[in-house]
Amino acid sequence: MPTSTLNEWRDNHFREVEVDFFKFPHACRKGVWSSGLAVVYQSKCALRGTSVTIPCSYSHPPNDSVTSVIWYRGKPRPGDWTGNTFFNPTLMKGRIQYLGDTSGSCTLRIDSLLDSDQAGYFVVLKTNWNKLTAPYITLTVQDPGITAVVPTVVKERDMVSLICKTKCIGYPPANVVVWSRDGEAVASPTFRAGLDDAGSYQCASEGLQSNTVTLDVQYLPRNTTVWVEPQGEVLKGNSVNLSCSSAANPPVHNYTWWWYNGTAPPPVSSMLVPIGTGQVLQLASLVTSQTGYYLCQATNTLGESNSSALLQIERTTLGLYVCMERERERERERERERERERERERERERERERERERERERERERERERERERERGPSDRGTSDSVETTKPQQSRLIKLRTLK
C-alpha cells in the first residue's frame, strides 16, 4: 500500500477521541479511552509536607508501542489542550518521582508537598500510531493536622468507635493510626464502654499528633450504703442520723428515705412509706414505735439503687443494726455479672488479636517462602530436579558394587 494511502487510512481509523469523564462517566470508570488507548487515574488529597502517590495505569492495542508518557499540570480545555509541562520520565528530579514504565504504569509520586502543588494534572499518552490526552484530575493539598473524633459522653456498656481523621477523606488509613488513653496504648479503636475506659484520648499517625478528647462513661448508682451515727447502743429518747452514700456518674441528685413497720423488707414495695429526702435522715427523740425497716434510694439521671438499715428500739436502749437487704445483694450480683461480662469481652478481644497476629505471621511466612522461591530461580530449581533424578542411578551403582 502506498505511503500516502496508508497515512490516509490511519487518519480515518485512528482519529483521536476526547472523552470528558465528568460528562460521560460510563465511558470508562475513572479513566478515558481513545482509539484503543486508555488511562485510569483519580483525584487525590494529601497533607502539606507529606508525600503523595497518584496511581495511574494505561493500556494500548498490542500492535502499538508507547513513545512517551508526559504529565502536565494545568486544566486542559476541550479543543485547546494546553498546560504547563509538568513532568516526563527524562526530566525526573527533585521532589518528583515517575514510578511508571512503558508497559502499563504511569504512576507519579510527589514528596514534601507544597501549597503550590495543589492543581489539576493530566497525562498525555503517545504511541507510534496515536495519542491520548486524558481529562485532568485534581491534587488537593490540606493543612497538616489530624483530629481525634471521640464521643464525649457514653453510658456504660455502650459501643464506642474512635475515629482519627484529617481534612482529606479516608486519610490516614486505620492501619497506621495509634490510639492512647491517658498516655497508655489502646488495644482497639472499637470497644464496649466500661468504667475503666473513661479518660483522655489522642491519636497519632505518621509523626502527627491529634487533639485530646475526654471520654466520660456514665453509670447507674452503685455500692449504695447506709451507716449510722453515733454507732453502738443509744438510750431511748436520744437522736440518731442515718446517712446514705452511693457511687454514680452523673452524681446522685436525689436521696429518698422509706420506712416499713417490720424487721424485714416488705413483701411488696407499696407497703413502704416515704419519710424524707436528703443524704442524711435525722431521727430525734427516738421512741419504740419508730422501730422498723429503713430504706435509702439513690437516684441519678440514669436510674436508681437501694440500700437499707434495720432500726429496733427497746424500752430502755436503742439497738441499731445496719444490714444489707436483698436488693443490695442483688445489686452486688449484678455488678459481679457485669464484671464477668467485661472480662469475657476482654478475652474475646484478646483472642481476636491473637488470631490477627497468627494470620499476619502466616502471611509473613508465605512472603518469605515466595522470596526464597524467587531467590532460587528457574535455573536452581532445574538443577535441583536433575540432582534428584540421579539419585536412583547412584543407588543402583552402589548395589552393583556390593554384589561384585
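Residues numbered from 1 in each chain as written. Predicted model: local features only at pLDDT ≥ 70, side-chain atom pairs only at ≥ 80, totals over all residues. Heavy atoms only, no water.

(A) The pairing of strand 20 (residues 199-205), seen in detail. As paired strands, strand 17 (residues 178-181) and strand 20 are joined by 4 bridges and run antiparallel to one another. By the bridge assignment, S180 is partnered in strand 20 with Q202. The pairing of strand 20 with strand 22 (residues 213-229) spans 3 bridges and is classified as antiparallel. When the sheet's bridge partners are listed, Y201 is paired in strand 22 with V213. With 2 bridges connecting them, strand 20 and strand 21 (residues 208-209) associate as antiparallel partners. The partner of S205 across the bridge, within strand 21, is L208. Hairpin connection from strand 20 to strand 21: 2 residues lie between these consecutive antiparallel strands, with E206 at a positive phi of about 50 degrees. (Pairing = 2+ DSSP bridges. Helix = DSSP H or I, 4+ residues; strand = E, 2+ residues; numbered from the N terminus.)

(B) Geometry of the state of the cysteines. Per the stated rule, a full pass over the model turns up 4 disulfides. Shown here is the disulfide that connects C56 with C106, its sulfur atoms set 1.9 Å apart. When the S-S torsion is -70 degrees, as for the bridge of C56 with C106, the disulfide is left-handed. Of this pair, C56 sits in the loop between strand 4 (52-54) and strand 5 (57-59) while C106 sits in the loop between strand 8 (96-98) and strand 9 (108-110); the two residues are 50 residues apart in sequence, bridging distant segments of the chain. Here C56 matches C106 in class, with each residue buried. (Disulfide = S-S within 2.5 Å. Buried < 20%, exposed > 50% of the residue type's maximum accessible area, 1.4 Å probe, protein only.)

(C) Spatial organisation of the sheet that holds strand 8. Pairing in this open sheet of 3 strands is antiparallel, and the strands run 4-9-8 from one edge to the other. Each of the sheet's edge strands pairs with one partner strand only, and the pair in question is strand 4 and strand 8. Adjacent strand axes in the sheet meet at a mean angle of 15 degrees, parallel and antiparallel pairs treated alike. In terms of strand pairing, strand 4 meets strand 9 through 3 bridges, oriented antiparallel. (Axes fitted to C-alpha atoms, helices over the stretch in contact; angles between N-to-C directions.)

(D) How the structure looks around the pattern of salt bridges. With the rule as written, the count across this model stands at 51 salt bridges. Close ionic contact of R340 with E333 constitutes a salt bridge, the shortest N to O distance being 2.9 Å. Here R346 and E339 are joined by a salt bridge, their closest N and O atoms 3.0 Å apart. For E339, a relative accessible area of 34% gives the class partly exposed. (Salt bridge = Lys/Arg side-chain N within 4 Å of Asp/Glu carboxyl O.)

(E) Spotlight on the layout of surface pockets. Roughly 650 Å³ of internal volume is contained in the largest pocket. Around the largest pocket sit 24 residues that line it, and F191, R192, D197, R346 and E349 are the ones nearest its centre. Elements that contribute at least two residues to the lining of the largest pocket include exactly strand 19 (190-192) and helix 2 (326-403). Considering every element that reaches the lining of the largest pocket, the biggest residue donor is helix 2, with 8 residues. Here the lining of the largest pocket is built from residues that sort into 8 nonpolar, 3 polar and 13 charged. Taken as a whole, the second largest pocket spans an internal volume of roughly 350 Å³. What lines the second largest pocket is a set of 17 residues, and nearest its centre among them are A174, N175, V177, W179 and P189. Mapped by element, the contributors of at least two residues to the lining of the second largest pocket are strand 16 (163-165), strand 17 and helix 2. In terms of residue count, helix 2 provides more of the lining of the second largest pocket than any other element does, 3 residues in total. In terms of residue class, the lining of the second largest pocket is made up of 12 nonpolar, 2 polar and 3 charged. (1 Å grid on protein atoms, 1.4 Å probe; cavity = no way out; pocket = protein on both sides within 12 Å on 5 of 7 lines; lining within 4 Å. Points joined across faces, edges and corners; volume = space filled by probe spheres on them. Nonpolar A, V, L, I, M, F, W, Y, C, P; charged D, E, K, R; others polar.)

(F) Inspection of the nonpolar core at higher detail. Judged by nonpolar contacts, the single largest core of 29 residues is most densely connected at V39, Y41, V69, W71 and L125. Broken down by secondary-structure element, the contributors of at least two residues to this core are strand 2 (37-40), strand 4, strand 6 (66-73), strand 8, strand 9, strand 10 (119-127) and strand 12 (137-142). Judged by nonpolar contacts, the second largest core, of 20 residues, contains L47, V154, L162 and V177. (Core = buried A, V, L, I, M, F, W, Y, C linked by side-chain atoms within 4.5 Å.)

(G) Representation of the packing of aromatic side chains. Using the criterion set out here, one finds 3 aromatic pairs in the structure. Here F191 and Y201 contribute two aromatic rings whose centre-to-centre distance is 6.3 Å and whose plane-to-plane angle is 15 degrees, an arrangement assigned as stacked. Linking F191 in strand 19 with Y201 in strand 20, this pair joins segments that are 10 residues apart in sequence. Exposure class is identical for F191 and Y201. Each is buried. (Phe/Tyr/Trp six-rings, centres within 6.5 Å; stacked < 30°, edge-to-face > 60°.)

(H) Representation of unusual backbone geometry. Across the junction of N249 and P250, the peptide omega takes the value 5 degrees, indicating a cis bond. By the element assignment, P250 lies in the loop between strand 24 (240-249) and strand 25 (254-260). Of note in the backbone geometry, S112 takes a positive phi value of approximately 50 degrees without being a glycine.

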